Amino acid sequence: MKIQVIAEREQKIQTEVKEIRKVFFCELCNKQYKLAVEFEAHLSSYDHNHRKRFKEMREMHGTSSRDDRQKREQQRQEREIAKFAQIADARKQQLQQQEQPEQPGIAVASAATRSATVLADQEQRKALKFGFSSKGGTSKNLVGNAAKKPKVAVASVFGNDSDEE
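Residues numbered from 1 in each chain as written. Predicted model: local features only at pLDDT ≥ 70, side-chain atom pairs only at ≥ 80, totals over all residues. Heavy atoms only, no water.

(A) Structural view of the overall build of the chain. On a plain count of helices and strands, the chain comes out with five helices and two strands. Reading the chain from its N terminus to its C terminus gives the helix and strand order α-β-β-α-α-α-α. In the chain, which comprises 165 residues, the proportion classed as buried is 5%. Taking the intrachain contacts of the chain between residues at least 6 apart in sequence as the baseline, contacts between residues at least 24 apart amount to 8%. Summed over all atoms, the accessible surface of the chain reaches about 15800 Å², with 56% contributed by carbon and sulfur. (Helix = DSSP H or I, 4+ residues; strand = E, 2+ residues; numbered from the N terminus. Buried < 20%, exposed > 50% of the residue type's maximum accessible area, 1.4 Å probe, protein only. Contact = heavy atoms within 4.5 Å. Areas by Shrake-Rupley, 256 points an atom, 1.4 Å probe, with all protein chains shown as cover.)

What follows is the structure, given as structure tokens:
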């Protein structure tokens, strides 16, 4: 019976000590301290303040970046919808022209024009996909070469004097 009472008392003391130590726990840094002095030193440390500022910055900028991301996604969806609507209109016109082939020469020419524009659109997408076009980027080289000055020989006041005389 005495052993059980002593065990219960020790368990009670341990739970009280844990409760007291919770006061010296930094949730931001996930660190536990035994003494109040250590905990106060930690609160004024660079590590703690850096984590605190970083958390505040993330909270402040996190919402704006999410809003920007949602806005960009919505704009992308709107562009896709407009593109699909344009394709649907073109398809509708093509079907109408097939139903009413009054002048076959014009229909063939318009079909050729459409296929050329489709090819041009595909080329443009390829160029935009990587952020540059397939044309050579020589303009930068021309500007760089034009800015260089030619080397000019300058006569020295010292001449070609040497110690060998």
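(B) Region of the structure containing the packing of aromatic side chains. This structure, assessed with the given rule, holds two aromatic pairs. Measuring from ring centre to ring centre gives 6.2 Å for Tyr33 and Phe39, while their planes differ by 55°; the resulting arrangement is tilted. On the accessibility criterion, Tyr33 (16% relative accessible area) is buried. Look at Phe39 and you get buried, because its relative accessible area is 15%. A connected cluster of aromatic rings, assembled from ring pairs, spans Phe24, Tyr33 and Phe39. (Phe/Tyr/Trp six-rings, centres within 6.5 Å; stacked < 30°, edge-to-face > 60°.)

(C) Layout of the side chain of His48. With respect to the helices and strands, His48 occurs in helix α3 (residues 46-99). Non-local contacts of His48, meaning those with residues more than four positions away in its chain, are made with Cys26, Leu28, Cys29, His42 and Leu43.

(D) The side chain of His42, seen in detail. Within the secondary structure, His42 is located in helix α2 (residues 36-43). A polar contact is formed between the side chain of His42 and the side chain of Tyr33, at a distance of 2.9 Å. Setting aside residues no more than four positions away along its own chain, His42 makes contact with Cys26, Cys29, Lys31, Tyr33 and His48. (Polar contact = N/O pair within 3.5 Å; in protein donor to acceptor, adjacent residues only side chain to side chain.)

(E) Examining the pattern of salt bridges more closely. This model, assessed by the stated rule, comprises four salt bridges. Asp47 is paired through a salt bridge with Lys31; the nearest N and O atoms lie 3.2 Å apart. Remark: Lys31 occurs in strand β2 (residues 31-32) and Asp47 occurs in helix α3; sequence separation between them is 16 residues. Here Arg76 makes a salt bridge to Glu80, at a shortest N to O gap of 2.4 Å. Residue Arg76 and its partner Glu80 are both found in helix α3; the two are separated by four residues, about one turn of the helix. In this structure, a network of salt bridges that share partners links the residues Lys31, Asp47 and Arg51. (Salt bridge = Lys/Arg side-chain N within 4 Å of Asp/Glu carboxyl O.)

(F) Molecular detail of the nonpolar core. Phe24, Cys26, Cys29, Tyr33 and Phe39 form the largest nonpolar core, which has five residues in total. When neighbours within four sequence positions are excluded, Cys29 is seen to be in contact with His42, His48 and Arg51. (Core = buried A, V, L, I, M, F, W, Y, C linked by side-chain atoms within 4.5 Å.)

(G) Region of interest: unusual backbone geometry. Positive phi, close to 60°, is recorded for Asn30, a residue that is not glycine. Relative to the helices and strands, Asn30 resides in the loop between β1 (25-26) and β2.

(H) Examining the confidence of the model for the chain more closely. When pLDDT is averaged along the chain, the result is 76, and 60% of the positions lie at 70 or above. Ranking the elements of the chain by mean pLDDT puts helix α5 (residues 139-147) last, at 52, and α2 first, at 92. (pLDDT = per-residue confidence, 0-100.)

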